[in-house]
Amino acid sequence: MSKHLQAIRGMHDILPERIALWHCVEDTARQVLAGYGYAEIRTPLVEVTDLFKRSIGEVTDIVEKEMYSFDDRNGDSLSLRPEGTASCVRAAIEHGLLVQPQRLWYRGPMFRYERPQRGRYRQFHQIGVEAFGLAGPDIDLELILLTARLWRLLGLSGFRLEINSLGDADERLAYREQLIAYLASHADQLDADSLKRLHTNPLRVLDSKHPQTQQIVAGAPSLMDHLGEETRTHFERICRGLDDAGVAYRVNPRLVRGLDYYNRTVFEWITDDLGAQGTVCAGGRYDGLVEQLGGRSTPAVGFAMGLERLIELLELAGHTSEPPLDAYLVAVGEPAQAAAPLLAERLRDAVPALRLLTHSGGGSFKSQFKRADKSGARYALVLGETELERGVIGVKHLREEGEQRELGFDELAAFLRMPG
Ligand code: ATP
Ligand code: MG
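Residues numbered from 1 in each chain as written. Chains lettered and ligands numbered in written order. Predicted model: local features only at pLDDT ≥ 70, side-chain atom pairs only at ≥ 80, totals over all residues. Heavy atoms only, no water.

Undergrad: For the UniProt feature "binding site: L-histidine" (unreviewed entry) in the protein, give the residues involved together with the corresponding values.
TA: Under the local residue numbering, the UniProt record ascribes the feature "binding site: L-histidine" (unreviewed entry) to Glu 83, Gly 84, Thr 85, Arg 112, Gln 126, Glu 130, Arg 257, Tyr 261 and Tyr 262. Leave out the neighbours within four places in its chain, and Gly 84 touches Tyr 106, Met 110 and Gln 126. Residue placement: Thr 85 occurs in helix α4 (residues 85-94). A relative accessible area of 7% means that Thr 85 is categorised as buried. Filtering out sequence-adjacent residues up to four positions away, Thr 85 remains in contact with Tyr 106, Glu 130, Tyr 261, Tyr 286 and Leu 289. (UniProt positions renumbered as here; feature names shortened; annotations may be inferred. Contact = heavy atoms within 4.5 Å. Helix = DSSP H or I, 4+ residues; strand = E, 2+ residues; numbered from the N terminus. Buried < 20%, exposed > 50% of the residue type's maximum accessible area, 1.4 Å probe, protein only.)

Undergrad: Break down the nonpolar core for me, citing the residues and quoting the values.
TA: Tyr 38, Phe 132, Trp 269, Met 305 and Leu 310 are the most contacted members of the largest nonpolar core, which totals 89 residues. A total of 9 residues in this core trace back to one element, the largest contributor, which is helix α5 (residues 137-154). Apart from residues lying up to four places away in sequence, Leu 310 is in contact with Val 25, Trp 151, Leu 156, Phe 159, Val 280 and Met 305. Counting 22 residues, the second-largest nonpolar core is a separate cluster that includes Leu 329, Ala 344, Val 351 and Tyr 379. (Core = buried A, V, L, I, M, F, W, Y, C linked by side-chain atoms within 4.5 Å.)

Undergrad: Could you give an account of the site of ligand 1, naming the residues involved and the relevant values?
TA: Close contacts around ligand 1 come from 16 residues, with Arg 112, Glu 114, Arg 120, Arg 257 and Thr 279 the closest. Thr 279 is positioned with one of its backbone polar atoms (N or O) 2.9 Å from an oxygen atom of ligand 1. Of all the secondary-structure elements, those providing two or more residues to the shell around ligand 1 are β6 (123-132), β10 (279-285) and β11 (300-306). Top element by residues in the shell around ligand 1 is β10. It accounts for 4 residues. For the shell around ligand 1, the residue count by class is 7 nonpolar, 4 polar and 5 charged. (Near = heavy atom within 4 Å. Polar contact = N/O pair within 3.5 Å; in protein donor to acceptor, adjacent residues only side chain to side chain. Nonpolar A, V, L, I, M, F, W, Y, C, P; charged D, E, K, R; others polar.)

Undergrad: An account of the pairing of strand β4 (residues 77-80) is requested, with residue identities and associated values reported.
TA: Of the pairings in the sheet, the one linking strand β2 (residues 46-48) to β4 comprises 3 bridges and is antiparallel in character. Among the inter-strand pairings, Val 48 is bridged to a residue of β4, identified as Leu 78. Pairing analysis gives 3 bridges linking strand β3 (residues 69-71) to β4, with the strands arranged antiparallel. In the strand pairing of β4, Asp 71 is matched with Ser 77. (Pairing = 2+ DSSP bridges.)

Undergrad: I'd like a rundown of the sheet that holds strand β15 (residues 393-397), residues and numbers included.
TA: As summarised here, the arrangement of the 5 strands in space is β13-β12-β14-β15-β16, forming an open sheet in which the pairing is mixed. The open sheet is flanked by β13 (356-358) and β16 (405-407), the only strands paired with a single partner. In this sheet, neighbouring strand axes are inclined to one another by 30° on average, regardless of whether the strands run parallel or antiparallel. Relative to strand β14 (residues 379-383), strand β12 (residues 327-331) is paired through 5 bridges, and the arrangement is parallel. Looking across to β14, one finds that Ala 327 is bridged to Tyr 379. Lying over the sheet, helix α14 (residues 365-374) contacts β12, β14 and β15, oriented at roughly 170° with respect to β12. Helix-sheet contacts for helix α16 (residues 409-417) involve β14, β15 and β16, and the interaxial angle to β16 is about 110°. (Axes fitted to C-alpha atoms, helices over the stretch in contact; angles between N-to-C directions.)

Undergrad: Residue-level account of the packing of helix α1 (residues 16-35) against helix α12 (residues 307-316), with values.
TA: Running from amino to carboxyl end, α1 crosses α12 at an angle of 115°, the nearest separation of the two axes being 10 Å. With respect to α12, the element α1 is oriented roughly perpendicular. Classified by chirality, the crossing of α12 by α1 is right-handed. Where α1 abuts α12, its residues Arg 18, Leu 21, Trp 22, Cys 24, Val 25 and Glu 26 lie against Leu 307, Glu 308, Leu 310, Ile 311, Leu 314 and Glu 315. Grouping the constituent residues of the contact of α1 with α12 by class yields 8 nonpolar, no polar and 4 charged. (Parallel < 35°, antiparallel > 145°, perpendicular 65-115°, else oblique. Left-handed = near helix turned anticlockwise from the far one by under 90°.)

Undergrad: Summarise a positive patch on the surface; cite the residues concerned and give the values.
TA: A grouping of Lys 366, Lys 370, Arg 371 and Lys 374 is seen on the molecular surface, where their side chains present a positively charged patch. Relative to the helices and strands, Lys 370 is located in helix α14. (Patch = residues over 30% accessible without salt bridge, like charges linked within 9 Å, V, L, I, M, F, W, Y side chains within 5 Å. Areas by Shrake-Rupley, 256 points an atom, 1.4 Å probe, with all protein chains shown as cover. Salt bridge = Lys/Arg side-chain N within 4 Å of Asp/Glu carboxyl O. Lys, Arg positive; Asp, Glu negative; His and termini not counted. Charge placed at Lys NZ, Arg CZ, Asp CG, Glu CD.)

Undergrad: Which residues make up the packing of aromatic side chains, and what values go with them?
TA: By convention here, two paired aromatic rings are described through the distance between centres and the angle between planes. In this structure the tally under the stated criterion is 9 aromatic pairs. Between Trp 151 and Phe 159, the ring centres sit 5.0 Å apart and the planes meet at 70°, which makes this aromatic pair edge-to-face. The same class applies to Trp 151 as to Phe 159, namely buried. An aromatic cluster of at least three residues, connected via ring pairs, comprises Phe 132, Tyr 261, Tyr 262 and Tyr 286. Here the guanidinium or amino end of Arg 122 rests over the ring plane of Tyr 113, the centre of that ring lying 3.9 Å away. The ring centre of Phe 409 lies 3.9 Å from the NZ or CZ of Arg 346, which sits over that ring. (Phe/Tyr/Trp six-rings, centres within 6.5 Å; stacked < 30°, edge-to-face > 60°. Lys NZ or Arg CZ within 6 Å of the ring centre and 35° of its normal.)

See the structure below:
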């Protein structure tokens, strides 16, 4: 007997019963982003592997062990995108978008070969935002305020905002030396992963999840103390802006983020309601990346949010289904069945917002009514032989008390426009 084919581990179908939650997040985000003047960009799901190696960094979890890479038939190494920023930068350079400031956003699936668990999948979805050509702290602030607005509109509360500054490259370099010296003096107490990163990517040791390493890290020198005047002012302006806007935050000097390209501002929105995978949105400034990928030096800042995690939160908060159908059209007998599709079309013309399901497959009044009731629709519209002869449509309330009536087409259209 053949084995049933199944979706790949860590990659999930999104079934109709849950799609309303996706629409809710996607539509709200689109509305908020439009309100701040961000334009959507769509890029391919596959890029040359080198793009991710050069942007995310060779010594990162993503590039070391999480990428879906394969050789194309002509031998080029390609990868499913593990995140959206690299593609966005590549596209912006390629199409000459960076001659002026750009506010862009994207959405779609990302792919990472991780151990599947709650809130962590191999295909997951992000909405991401990138602002190019804007160097001041006002734009970092705008992005954070934009996300705060999105949470409000989604009705999600209880998120914590953590921010930090990673300084600029030279500041980080000076700090790096000190950090390595400190960590090396505690090398015997570090976990294996951190030990491996000690000389290649010591900043990542700061956000190790390993308890004993965390204890060592608690005593490490702080990057904040190594910031120059300019980076410090940049950071303080953001903090002041958040204070003025009434957005609570915590400065977390250990927040470093998993990708190499960040400088200055980094931030995360975190919830306690999702267990271990509590970060719903993360981002920061990456002023060096455009040049690193071959473009003209361009300041940039962005973030990405994980939709599965937001959707789980909405579900926990009790959001459920799509708005119900307005009407279900029942047509009994040959002539009525023949007339029903046209009646439905005319109703859709007359009432553009109408959610109308037409019965398909014939059957008795009784069986069609059963379906109408099951559909969740508010009204059954009935077209039988007698209605057809008299030029009326029967209207029956399915969800609430209400007299059954017969309406002509115009009356019916008016009723469906303003039921009640
Ligand atoms: P984490 O620390 O959880 O691994 P990350 O630093 O790798 O996150 P980013 O690359 O910054 O995450 O991605 C931004 C957001 O995308 C995360 O905050 C999270 O909400 C979501 N995300 C990242 N990886 C996954 C995944 N494998 N499954 C589901 N959502 C994810
Ligand atoms: Mg990760």
